[in-house]
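# A closer look at the structure
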Amino acid sequence: MNDAEPDLAALVAIAERAARTAGALIRDERPDRVEVATTKTSPQDVVTAMDLAAETSLRETLGAARPDDAILGEEQGLTPGTSGITWVIDPIDGTVNYLYGWPPGYAVLVAAVSTPPGVEPDPATWTVLAACVHSGDGQTWTATRGGGAFRDGRRLELGEPPALPLCLVGTGFGYRREVRELQGRVVARLLPQVRDLRRVGSAGLDLCAVAEGRLDLFYEQGLKPWDMAAGSLIATEAGAQVSGLRGSPAGQAMTVVGHPQRVGELIALLEQAGADEQV
Ligand code: IPD
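Now for a look at the structure at hand. (Residues numbered from 1 in each chain as written. Predicted model: local features only at pLDDT ≥ 70, side-chain atom pairs only at ≥ 80, totals over all residues. Heavy atoms only, no water.)

### Re the environment of threonine 21
Keep this limit in mind: A run of DSSP states H or I qualifies as a helix once it reaches four residues; a run of E qualifies as a strand once it reaches two. Both are numbered from the N-terminal end. Whether a residue is buried, partly exposed or exposed follows from its accessible area with a 1.4 Å probe, protein chains only, as a fraction of its type maximum: under 20%, in between, or over 50%, in that order. Note on contacts: a residue pair qualifies if any of its non-hydrogen atoms lie within 4.5 Å across the two residues.
Here threonine 21 shows up in helix H1 (residues 8-28). According to the relative accessible area criterion, threonine 21 is partly exposed, its value standing at 39%. In this structure the C-alpha to C-alpha distance between threonine 21 and alanine 54, which are 33 residues apart in sequence, comes to 8.7 Å. Excluding its chain neighbours within four sequence positions, the residues that come into contact with threonine 21 are Ser57 and Thr61.

This is the structure:
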């Protein structure tokens, strides 16, 4: 059964409750020395016991509140549902920052998306309805579709963007060696053309930074659905454009975010640099 008119205020309240509960868990129970539980695509792509515990916590809160919804999580994959709504969750975005004990650089990401019937959750086809990002140092960003974006209750709206050479641009790097080699080449092309680059280590927080004007633009190749679901709504609701290259929607091939007056210029540079090459 599809949820024809989802209650967005209720969804964002559930998202925030789930993110805050998991956020308290990873803050309060972070051991002095965080051990790597396992690795994924490379030795740098780590999972800690707290990633797994935080995803379990998110699933418990969301499942209790909305038992008919699907859940897609970074660590435990897709649990199907029947409502047409999927919770897309990243229990610790910025796991390397968590490993090293840097709370402003990691966050719990929770988004509710609606998907067409029979289609798996995919940024190209989903509609993000509600989102919450809760950082390790206790800041909380929320958004509902059409209802605006907020940081700790304060409405966020993009101001006029500077010219591209004065733009502060955020990016991130994947974990696989071949991807990093390409990303390094793209950085070499881009860096001389902008004010500077920042690599925070959490794509979710990068997108909130665009929403707040702490970054003018952001791009990254290789983002997974859970890295971008929550932050993309927060950025969009603050007035940003979220796009891919060559007319495609944002997704794993490329995600570009920023003021609509500047996104096109960054897209052109990234296309020239072949930043979406598949490696
Ligand atoms: C990572 C972060 C990072 C981005 C990587 C992501 P994780 O997520 O968002 O900023 O550059 O591409 O995989 O692994 O910390 O959940």
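Next comes the rest of the description.
### Structural notes on the site of the ligand
Our working definition: Here a residue is considered near a molecule or strand provided that any single heavy atom belonging to it is located within 4 Å of it. In protein, a polar contact requires one atom able to donate a hydrogen and another able to accept it; more generally it is a pair of N or O atoms within 3.5 Å, and residues adjacent in sequence count only if both atoms are side-chain atoms. The method behind every accessible area is Shrake-Rupley, applied with a 1.4 Å probe, and residues are considered shielded solely by the protein chains displayed. Cavities and pockets were defined on a 1 Å grid built from protein atoms only: a cavity is a group of points that admits a 1.4 Å probe but offers it no way out, a pocket is an open group of points flanked by protein on both sides within 12 Å along at least five of seven lines, and a lining residue is one with an atom within 4 Å of any such point. Occupancy of a cavity or pocket is assigned to a molecule whenever over half of its atoms lie within 2 Å of that pocket's grid points. Charged residues are taken to be Asp, Glu, Lys and Arg, nonpolar residues to be Ala, Val, Leu, Ile, Met, Phe, Trp, Tyr, Cys and Pro, and polar residues to be all remaining types, Gly included.
In the vicinity of the ligand lie 16 residues, with Asp93, Gly94, Thr95, Ala203 and Glu220 positioned nearest. One of the side-chain N or O atoms of glutamate 74 is found 3.1 Å from an oxygen atom in the ligand. Measuring from an oxygen atom of the ligand, one finds a side-chain N or O atom of aspartate 90 at 3.3 Å. Relative to its unbound accessible surface of 380 Å², the ligand loses 95% to contact with the protein. Taken atom by atom, the bulk of the ligand overlaps the largest pocket. For the shell around the ligand, the leading source of residues is strand S5 (residues 85-93), giving 3 residues. Residues that form the shell around the ligand fall into these classes: 5 nonpolar, 5 polar and 6 charged.

### Observations regarding the sheet that holds strand S10 (residues 154-156)
Keep this limit in mind: Two strands qualify as a pair provided DSSP detects at least 2 bridges between them. Here, axes are lines fitted to C-alpha atoms. For helices the fit covers the stretch in contact, and angles between N-to-C directions go from 0 to 180 degrees.
The 8 strands are arranged S4-S3-S5-S6-S7-S8-S9-S10 in an open sheet whose pairing can be described as mixed. Looking along the sheet, the strands with just one partner apiece sit at the ends: strand S4 (77-79) and S10. On average, each strand axis in the sheet is tilted by 20° relative to the strand beside it, whichever way the strands run. With 8 bridges joining them, strand S6 (residues 107-114) and strand S7 (residues 127-135) adopt antiparallel strand pairing. Following the sheet pairing, alanine 111 is matched in S7 by alanine 131. Strands in contact with helix H6 (residues 225-237) are strand S3 (70-73), S5, S6, S7, strand S8 (140-144), strand S9 (148-151) and S10; relative to S7, the strand with the most contacts, it is inclined by about 100°.

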